[in-house]
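Coordinate inspection notes
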Amino acid sequence: MDDVATKIIDILKKHMKEPRDDIGLTTALTDLKIESLDLAMIVFDIEDSFGIQIPYNANEEVEDFKTVGSVVDRVKALLEGSGAPAKA
Amino acid sequence: MTQSKGERRRVVVTGVGAVTPIGLDAREMWSSMREGRCGVGPIETFDKKDLYIHIAAEIKNFDPAKHVSSKKVQYGDRYSWFAARSAEEAWKQAGLPTPLADPYRSACIFGSGAGGFNTIETAYDDLFIKQKKATNPLTLLRIIGSSAAAHIGIEQGIKGPTFATCSACSTATHAIATGADYIRHGLVDVAVTGASEAVLTHGSLRTWQAMRVLSPEGCFPFSKKRNGTVLGEGAGALVLESLEHAQARGATILAELKGVGMSSDSKDMVNPDVDGPRTAMEFALADAGLKPEDIGYLNAHGTATTLNDVNESNAIKMVFGDYAYKLPISSTKSMTGHLLGAGGAVEAIACIKALQDGWLPPTVGLDEPDPKCDLDYIPNVGRAAKVSNVMSNSFAFGGLNAVLIFGQPPA
């Protein structure tokens, strides 16, 4: 796992009530018992850590926020500056 | 279980006043609702830099010099301007003298979710960006969450209990409920109640944006396409009176405030629970001594967030059973935007107008309902219907629920 993924998993664990050590790229966010406000906090933390802005709306189910891997891909795309804005 | 027991006086509404994105008084607001006019539009009154939410329901044509009669209030925050204007309108409609013969028999319970947010932002800009040596001397008074209540109390000569409520989006409804309680139990004869909100600022939008609950497209309650709420601003005021007091002075009674129900989810700051809203509606029915079938219209909280609208619809089904599918329901937030703390008062006024006018306001922008929201939300076009009793729901962050039931004036 690369630096971006490790950093994101660390952020996820920080916001979980019961952090687990078995989080991988295929882990679904719904399996992590993350509620809507937690996700807003996580997105904020990721934005802050990587210096990017993620157009995420808690009212929508966005593909980019299905699994840990999809979040990692999204962040990488934004870091490369090639990411089209996610459906907000 | 009911919340309120024992001997009590009946409470009636004798005046209403509103300042909203779709009208600067209650009459104009109601005629906009009759036309299905929506007050949501592109943000024009402040800097949109770094915002990705570009819409709100702003009040764009409000001039304190023109719309606020008191010089003292003109020195206050924008939220106090809206408050004082709506309260003066309601007081005038009630036809009450200023001050009352016994000013200690009147109350002013007028809330705000956030108080003087515009003032806070200006002050911080002065201090931290412009590096000024001091804030404007009126900054503190403008910010205080009770300054609107105090201004109204001063203007109308109210010397009884005067304070603000604060419960996010249930603020106004809690204020109205508290005023009604004071009248029922004989503490006062008259109460000016309601709430005001003016948080449409750059900094405020940034905080809402960070919570990820705002829609970039529009406020579409119960719709499949809904993707968040839209912030609005404004105020609503109701003059409540004991029935005897109103009758003794020959006042025109607009409606009776028949029932109040309050509860707290006691669970989560953002995720609503079905039992809290359900219980608040049940308490209100029990308090009014009415059956679910007696309610002819329900003004829903209907914020257009994914969570609220499904949860509220489920709670309504639990309270109203099969009748839920026949009960006309609408969210007037589809037209006013979400007025936050002030929403409950403006929506109570829409309920009273519906009773008076025999016409139920629509939920605009509802072309395709969410399959999980399968009740009658009066889509897009309002409808004529003579109703005897109406219910107004307010649910707030933190799971703070308050429900009002209004009925036709006593015969």
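Residues numbered from 1 in each chain as written. Chains lettered and ligands numbered in written order. Predicted model: local features only at pLDDT ≥ 70, side-chain atom pairs only at ≥ 80, totals over all residues. Heavy atoms only, no water.

**Quick look at the sheet that holds strand β9 (residues 297-299) of chain B**
Pairing between the strands of a sheet comes from backbone hydrogen bonds, and it takes one of two forms, parallel or antiparallel. Residues and elements named next belong to chain B. Taken together, ten strands build an open sheet; the order of strands is β5-β4-β6-β7-β1-β8-β14-β13-β9-β10 and the sheet is mixed. Two strands close off the open sheet at either side, each with one partner strand: β5 (162-163) and β10 (329-330). Looking at chain direction, strand β13 (residues 389-396) and strand β14 (residues 400-407) are connected through eight bridges and run antiparallel. Residue pairing in the sheet places Asn 389 in a bridge with Gly 407 of β14. Relative to the sheet, helix α7 (residues 147-156) contacts β4 (106-111), β5 and β6 (190-197), its axis offset from that of β4 by approximately 150°. Against the sheet, helix α8 (residues 171-184) touches β1 (11-19), β4, β5, β6, β7 (234-242), β8 (255-264), β13 and β14, its axis set at about 170° to β6. (Pairing = 2+ DSSP bridges. Helix = DSSP H or I, 4+ residues; strand = E, 2+ residues; numbered from the N terminus. Contact = heavy atoms within 4.5 Å. Axes fitted to C-alpha atoms, helices over the stretch in contact; angles between N-to-C directions.)

**Structural notes on the side chain of Glu58(B)**
All names here are of chain B. Looking at the secondary structure, you find Glu 58 in the loop between β3 (55-56) and α2 (64-67). Nearest to the buried, unbridged Glu 58 among oppositely charged side chains is Lys 60, at 4.0 Å. From its side chain, Glu 58 meets the backbone nitrogen of Glu 44 in a polar contact 2.8 Å long. At 2.2 Å, the side chain of Glu 58 and the side chain of Thr 45 are in polar contact. Apart from the residues within four sequence positions on either side, Glu 58 is in contact with Pro 21, Gly 39, Pro 42, Ile 43, Glu 44, Thr 45, Phe 46, Leu 200 and Glu 233. (Buried < 20%, exposed > 50% of the residue type's maximum accessible area, 1.4 Å probe, protein only. Lys, Arg positive; Asp, Glu negative; His and termini not counted. Salt bridge = Lys/Arg side-chain N within 4 Å of Asp/Glu carboxyl O. Polar contact = N/O pair within 3.5 Å; in protein donor to acceptor, adjacent residues only side chain to side chain.)

**Here's the deal with the packing of aromatic side chains**
Enumeration according to the criterion identifies nine aromatic pairs over all chains in this entry. When the centroid spacing of 5.7 Å and the interplanar angle of 85° are considered together, the rings of Trp30(B) and Trp359(B) count as edge-to-face. One end of the pair, Trp30(B), is in helix α1 (residues 26-35); the other, Trp359(B), is in strand β11 (residues 359-360), and 329 residues separate them in sequence. In this structure, Lys7(A) is placed above the aromatic ring of Phe50(A), and the distance from its NZ or CZ to the ring centre is 4.6 Å. Seen from the ring of Phe220(B), Lys225(B) lies directly overhead, with NZ or CZ sitting 4.2 Å from the centre. (Phe/Tyr/Trp six-rings, centres within 6.5 Å; stacked < 30°, edge-to-face > 60°. Lys NZ or Arg CZ within 6 Å of the ring centre and 35° of its normal.)

It is worth stressing that arrangement in space is one thing and function is another; only the former is reported here.
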